[in-house]
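# Descriptive analysis of the structure
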Amino acid sequence: GQQLNQSPQSMFIQEGEDVSMNCTSSSIFNTWLWYKQDPGEGPVLLIALYKAGELTSNGRLTAQFGITRKDSFLNISASIPSDVGIYFCAGQGGSNYKLTFGKGTLLTVNP
Amino acid sequence: EAEVAQSPRYKITEKSQAVAFWCDPISGHATLYWYRQILGQGPELLVQFQDESVVDDSQLPKDRFSAERLKGVDSTLKIQPAELGDSAMYLCASSFISGRSYEQYFGPGTRLTVT
């Protein structure tokens, strides 16, 4: 099946620093989604991208849909302690809009 | 703000017992998904419903798992008998697929521990 490579696996940063993470795929996707998951909770949708090359912001978060439709990145600017969590990318394709998730990036922010 | 509801939040059961999870999607969302998430991994789709019909259950272990959405609203996922390897987070998501709105919204999940 389709595989998503999400990197880095984990990041440990200082408060105020910017963060960048990305996802690559061997297959083309029609939509890229980015989620954040806190321990013991379900994923929360952060940003959805629908068009190749699209750049979308949500507050301090910015995400881009790669031109090849096989990759996406997420940037977080001026990180704060509540940014701690696991960030997942998900690609969506096929006639039934199935999501394929990456393995996640664990973000730790040191105050 | 509308949310996906799931219950129970936590379930501990012994192997070979039956267990069931319930999900109530966001009102108006015709598509409902059940995912399983193993610790350290991303969610993996078990079954997808469009209204009351199963669209995709290719990854559902049908010898022990069953899912239903009888009236096209809430849904139940059942495991019988539970095995140790079923310990995981079970997530329900829903979406309203129209135009560009393919976004899936997740519930809080049910953490299952099989002993």
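Look up a bit, the structure's there.
A short tour of the structure in this document, coming up.

### Let's talk about the environment of B:Pro8
All names here are of chain B. With respect to the secondary-structure elements, proline 8 resides in the loop between β1 (5-7) and β2 (10-13). Residue proline 8 is classed as partly exposed on the basis of its relative accessible area of 29%. C-alpha of proline 8 to C-alpha of glycine 109: the two residues are 101 residues apart in sequence and 8.3 Å apart in space. Ignoring sequence-local partners within four residues, the contact set of proline 8 consists of Ala20, Gly109 and Thr110.

### Overview of the environment of A:Gln64
All names here are of chain A. By secondary structure assignment, the location of glutamine 64 is in strand β7 (residues 61-65). With 32 residues separating them along the chain, glutamine 64 and tryptophan 32 place their C-alpha atoms 8.7 Å apart. At a separation of 3.3 Å, a polar atom in the side chain of glutamine 64 contacts the main-chain carbonyl oxygen of glycine 53.

### Points about the state of the cysteines
Residue and element names in this part refer to chain A. The full count for this structure, using the stated rule, is two disulfides over all chains. A sulfur-sulfur separation of 1.6 Å characterises the disulfide bridge that pairs cysteine 23 with cysteine 89. Of this pair, cysteine 23 sits in strand β3 (residues 19-25) while cysteine 89 sits in strand β9 (residues 85-93); the two residues are 66 residues apart in sequence, bridging distant segments of the chain. Considered together, cysteine 23 and cysteine 89 belong to a single accessibility category, that of buried residues.

### Overview of the sheet that holds β1(B)
All names here are of chain B. Taken together, the four strands give an open sheet; going across it, the order is β1-β3-β8-β7, and neighbouring strands pair in antiparallel fashion. Because the sheet does not close on itself, it has two edges, and the strands there are β1 and β7 (65-68). Along the sheet, successive strands turn relative to each other by an average axial angle of 15 degrees, direction set aside. Pairing of strand β3 (residues 19-24) with strand β8 (residues 75-79) involves five bridges; the strand directions are antiparallel. Bridge pairing in β8 links phenylalanine 21 to leucine 77.

### Examining the nonpolar core
Core analysis: the biggest nonpolar cluster contains 21 residues, and A:Trp32, A:Trp34, A:Leu74 and A:Leu107 have the highest contact counts within it. Not counting chain neighbours up to four residues away, the residues in contact with A:Leu107 comprise A:Met11, A:Ile13, A:Val19, A:Ile76, A:Asp83, A:Val84, A:Gly85 and A:Tyr87. Judged by nonpolar contacts, the second largest core, of 20 residues, contains B:Val19, B:Trp34, B:Cys92 and B:Val114.

### Points about the pattern of salt bridges
Residue and element names in this part refer to chain B. If you walk through the whole model with that rule in mind, you get seven salt bridges over all chains. Among the ionic pairs, aspartate 86 bridges to arginine 36, the shortest N-O distance being 4.0 Å. Separated by 50 residues along the polypeptide, aspartate 86 in the loop between β8 and β9 (88-95) and arginine 36 in strand β4 (residues 31-37) bring together distant segments of the chain. Here aspartate 86 and arginine 36 have matching classes, each one buried. In this structure, the salt-bridge partner of arginine 64 is aspartate 86, at a minimum N-O distance of 2.6 Å. With arginine 64 in the loop between β6 (53-56) and β7 and aspartate 86 in the loop between β8 and β9, this pair connects stretches of sequence that are 22 residues apart. Per residue, the accessibility class of arginine 64 equals that of aspartate 86, and both read buried.

Calculation notes
Residues numbered from 1 in each chain as written. Chains lettered and ligands numbered in written order. Predicted model: local features only at pLDDT ≥ 70, side-chain atom pairs only at ≥ 80, totals over all residues. Heavy atoms only, no water. Helix = DSSP H or I, 4+ residues; strand = E, 2+ residues; numbered from the N terminus. Buried < 20%, exposed > 50% of the residue type's maximum accessible area, 1.4 Å probe, protein only. Contact = heavy atoms within 4.5 Å. Polar contact = N/O pair within 3.5 Å; in protein donor to acceptor, adjacent residues only side chain to side chain. Disulfide = S-S within 2.5 Å. Pairing = 2+ DSSP bridges. Axes fitted to C-alpha atoms, helices over the stretch in contact; angles between N-to-C directions. Core = buried A, V, L, I, M, F, W, Y, C linked by side-chain atoms within 4.5 Å. Salt bridge = Lys/Arg side-chain N within 4 Å of Asp/Glu carboxyl O.

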